[in-house]
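Chain residues, written in single-letter form:
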Amino acid sequence: MRNFFFTLAFASAAFAAYAQPTHEVGNTTLTELDLVTGVVVPWEILWGPDDHIWVTERRGKVLRINPETGNTSTVLDLSDEISNGGNGEPGMLGMAMHPDWENTPQVFIVYNYGQSWDIKQRLSAFTWNGSELEDEEFLLTSMPGGGIHNGSRLLVLPDNTMLMTTGDVGNGNSAQNMQSLSGKILRINLDGSIPADNPFGPNSYIYSIGHRNAQGLCLGPNGLVYSSEHGAQTDDEFNIIEAGRNYGWPEVQGFCDNLPQSGGNETSWCEEWDVVEPLVAWTPCIAVNGIEYYTHEAIPEWQGKVLMAVLGGLAGNAERLTVLEMNGDGTEIIGQEQYFSAFNQRIRDVAVNPYTGAIYVAFNGPSYPGSGPNIIKEFRNMDFVSVTENPDAHSPFVNLFPNPVEDRLKFEFSDDFLGTSFRIYSFEGKEMGRYVVAENNVSLSVADWASGKYYLTATTPLGTITKTFLKR
Ligand SMILES: [Ca+2]
Ligand SMILES: [Ca+2]
Ligand SMILES: [Ca+2]
């Protein structure tokens, strides 16, 4: 918290200079801002204990982002090790931070390594040295990985153990096999050892079984653990995770019933194995992903509800943020609403700013398994005023206007950028040009450019800032 500040002057300058799109949530208006562009498939996005946003890029990088300016630096690069370059489902995936950050500034990361015929999975701890992640320590390694279904979401619990979802890596039977770590949710001490009170004994990491590919985890009310899980053709699920329980896959999909879509006879198997049914199931699948329990007062309509990122499935026709309303004790879902479908972009994960209550949404492009460049957008209730601390702190910034632009684009750079160069790319990836920042205020004619979306990247030794704009 110490280093955090909100320069309201910057915010008002940025938002007043050109009209940002807005979205209505009941009586609340959310202002949309492109925080970072050019990210290559953001997978995990979270608010760190250092008041920065941390993001894994599936291709193998960890980014640390200043939430006010979008100033971004790469703090870990394992792209040489990542399976298939992160182009399919495997890659650098889940991430969580050590809860005692002051004394143990560690970051936990799950990633796939090895080539396509022999993909493995690893959970590692890295130490933050103030500018990058170093001293990798393997907590779990040589785990099965696959071309599909690699789970990997992480959640640190209040008792300082950590849950990790694993997928069935394409082998459904592994989910019921107690000798396999696939298709499970694991519980791990933060040093990588097995918690003595794990439900299947002190020699097993397994916490719950029968999962196909759970890729959402969060703490809900009353200490409940929620998880979202991908179904096959039917039955994406939203579950409460309990120690030692069986969630059914591959014998049971969704609710315990005898529907033809689930193979015709689930109820007897459910009774024999005491299968936990989901709170909700979605058929056909919508591809459920990262979840976050929203408690902030800045968006009262969402307070006490779960925000769930939805990729939209292979058909790509249900992309959205789903907001799940629970009953009083959090044990039932009593309502669902959808937002941001109009972007036609897969939504992978969501994070919350604990000061402003703004949410950050990781967009993954329109097509499976994700295409770049991707955007991290902020949606913020500008009417909610948060505390201002440390107003003297300084961050690099770039403003550009008007946006949308027809003829001439104007830029305002902080002094940090003087003498550096910036580049502009089209959203198709074409470099439009490289330009030197000779003074704080510069402009550029774009009258001849094709209409469409573009983004600028500008780099200082402190990191990179990106800005998107629309050419009309
Ligand atoms: Ca997250
Ligand atoms: Ca299930
Ligand atoms: Ca069923």
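Residues numbered from 1 in each chain as written. Chains lettered and ligands numbered in written order. Predicted model: local features only at pLDDT ≥ 70, side-chain atom pairs only at ≥ 80, totals over all residues. Heavy atoms only, no water.

(A) Representation of the overall build of the protein in the model. Across its full length, the protein carries two helices and 32 strands. Radius of gyration (C-alpha) of the protein: 22 Å, near the 23 Å computed for a compact globule of 472 residues. The burial tally for the protein puts 59% of its 472 residues in the buried class. Across the protein, the fraction of contacts at a sequence separation of at least 24, relative to all contacts at a separation of at least 6, is 54%. Of the accessible surface of the protein, which amounts to about 18500 Å², a share of 47% is contributed by carbon and sulfur atoms. Looking at charge distribution, the protein has the averaged site of its 27 positive side-chain charges lying 9 Å from that of its 58 negative ones. (Helix = DSSP H or I, 4+ residues; strand = E, 2+ residues; numbered from the N terminus. Rg over C-alpha atoms; globule rule 2.2 N^0.38 Å. Buried < 20%, exposed > 50% of the residue type's maximum accessible area, 1.4 Å probe, protein only. Contact = heavy atoms within 4.5 Å. Areas by Shrake-Rupley, 256 points an atom, 1.4 Å probe, with all protein chains shown as cover. Lys, Arg positive; Asp, Glu negative; His and termini not counted. Charge placed at Lys NZ, Arg CZ, Asp CG, Glu CD.)

(B) How the structure looks around the sheet that holds strand E26 (residues 398–401). Spatially, the three strands line up as an open sheet ordered E26-E27-E30, and their pairing is antiparallel. The outermost strands of the open sheet, each flanked by one partner alone, are E26 and strand E30 (441–445). When strand polarity is set aside, the average angle formed by the axes of neighbouring strands in this sheet is 20°. Sheet topology note: the strand E27 (residues 408–413)/E30 ladder contains five bridges and is antiparallel. Each bridged residue has a counterpart across the sheet, and for Leu409 the counterpart in E30 is Leu444. (Pairing = 2+ DSSP bridges. Axes fitted to C-alpha atoms, helices over the stretch in contact; angles between N-to-C directions.)

(C) Representation of the domain arrangement of the protein within the structure. Examined at the domain level, the protein breaks down into domain 1 (8–380) and domain 2 (398–471). Relative placement of domain 1 and domain 2: their C-alpha centres are 33 Å apart. Contacts between the two partners involve 18 residues from domain 1, matched on the other side by 14 residues from domain 2. With both chains or domains summed, domain 1 and domain 2 bury close to 1300 Å², and 48% of this area falls on carbon and sulfur atoms. (Domains from an automatic or database assignment. Buried area = accessible area lost by both parts, 1.4 Å probe.)

(D) Looking closely at the pairing of strand E20 (residues 305–310). With respect to burial, E20 is a largely interior element, six of its six residues being buried. Taking every second residue as pointing to the same face, both faces of E20 are buried, with Lys305, Leu307 and Ala309 on one and Val306, Met308 and Val310 on the other. Bridge count for strand E19 (residues 288–294) against E20 is five bridges, and the pairing is antiparallel. The partner of Tyr293 across the bridge, within E20, is Val306.

(E) Inspection of the coordination of the calcium ion (ligand 1) at higher detail. Here the calcium ion (ligand 1) is held by the protein donor atoms Glu44 (OE), Ile45 (O), Asp349 (OD) and Asp349 (OD), which lie 2.2 to 3.2 Å from it. Every donor residue of the calcium ion (ligand 1) comes from the same chain, spaced as E-I-x303-D. In this structure Ile45 comes out as buried when scored by relative accessible area, which is 1%. (Donors = N, O, S within 2.8 Å, 3.2 Å for Na, K, Ca; no water.)

(F) Representation of the pattern of salt bridges. Under the counting rule described, the total for this entry stands at 14 salt bridges. Where Glu57 meets Arg59, a salt bridge forms, and the shortest distance between an N and an O atom there is 3.1 Å. For Glu57, a relative accessible area of 1% puts it in the buried group. In this structure, the salt-bridge partner of Glu431 is Arg423, at a minimum N-O distance of 3.6 Å. Judged by relative accessible area, Glu431 falls into the partly exposed class, the value being 35%. The structure contains a network of salt bridges with shared partners spanning Glu32, Asp34 and Lys377. (Salt bridge = Lys/Arg side-chain N within 4 Å of Asp/Glu carboxyl O.)

(G) Local environment of the coordination of the calcium ion (ligand 2). Protein coordination of the calcium ion (ligand 2) is provided by Glu237 (OE), Glu237 (OE) and Tyr247 (O), with donor distances spanning 2.3 to 2.4 Å. With Glu237 in strand E17 (residues 236–240) and Tyr247 in the loop between E17 and helix H2 (267–273), the pair connects residues that are ten residues apart, well separated along the chain. Accessibility assignment for this pair places Glu237 and Tyr247 in one class, buried.

(H) View of the confidence of the model for the protein. Overall, the predicted model of the protein reaches an average pLDDT of 92, with 93% of residues at or above 70. In this model, residues 1–17 is a region of pLDDT below 50 whose contacts with residues beyond four sequence positions or in other chains number 40 contacts. (pLDDT = per-residue confidence, 0-100.)

(I) How the structure looks around the state of the cysteines. Evaluated as defined, the whole model comprises one disulfide. With a sulfur-sulfur separation of 2.0 Å, Cys256 is cross-linked through a disulfide to Cys270. Classification of the bridge connecting Cys256 and Cys270 rests on its S-S torsion, roughly -90°, and on that basis the disulfide is left-handed. Separated by 14 residues along the polypeptide, Cys256 in the loop between E17 and H2 and Cys270 in helix H2 bring together distant segments of the chain. Neither residue differs from the other here; Cys256 and Cys270 are each classed as buried. Of all cysteine sulfurs, the one in Cys256 lies closest to Cys285, which takes part in no disulfide; the gap is 17 Å. (Disulfide = S-S within 2.5 Å.)

(J) The arrangement of a negative patch on the surface in detail. Side chains of Glu132, Glu134, Asp135, Glu137 and Asp191 sit close together on the surface and give a patch of like negative charge. On the secondary structure map, Glu137 appears in strand E10 (residues 133–144). (Patch = residues over 30% accessible without salt bridge, like charges linked within 9 Å, V, L, I, M, F, W, Y side chains within 5 Å.)

(K) Focus on the packing of aromatic side chains. Inspection of the entire model under this criterion finds 23 aromatic pairs. A centroid spacing of 5.8 Å and a plane angle of 35° characterise the contact between Trp269 and Trp273, whose relative ring orientation is tilted. With Trp269 and Trp273 both in helix H2 and four residues apart, this pair spans about one turn of that helix. Linked through ring pairs, Tyr294, Trp302, Tyr339, Phe340, Phe343, Phe363 and Phe379 together constitute an aromatic cluster. Cation over ring: Arg122 sits above Tyr113, and NZ or CZ is 3.8 Å from the ring centre. (Phe/Tyr/Trp six-rings, centres within 6.5 Å; stacked < 30°, edge-to-face > 60°. Lys NZ or Arg CZ within 6 Å of the ring centre and 35° of its normal.)

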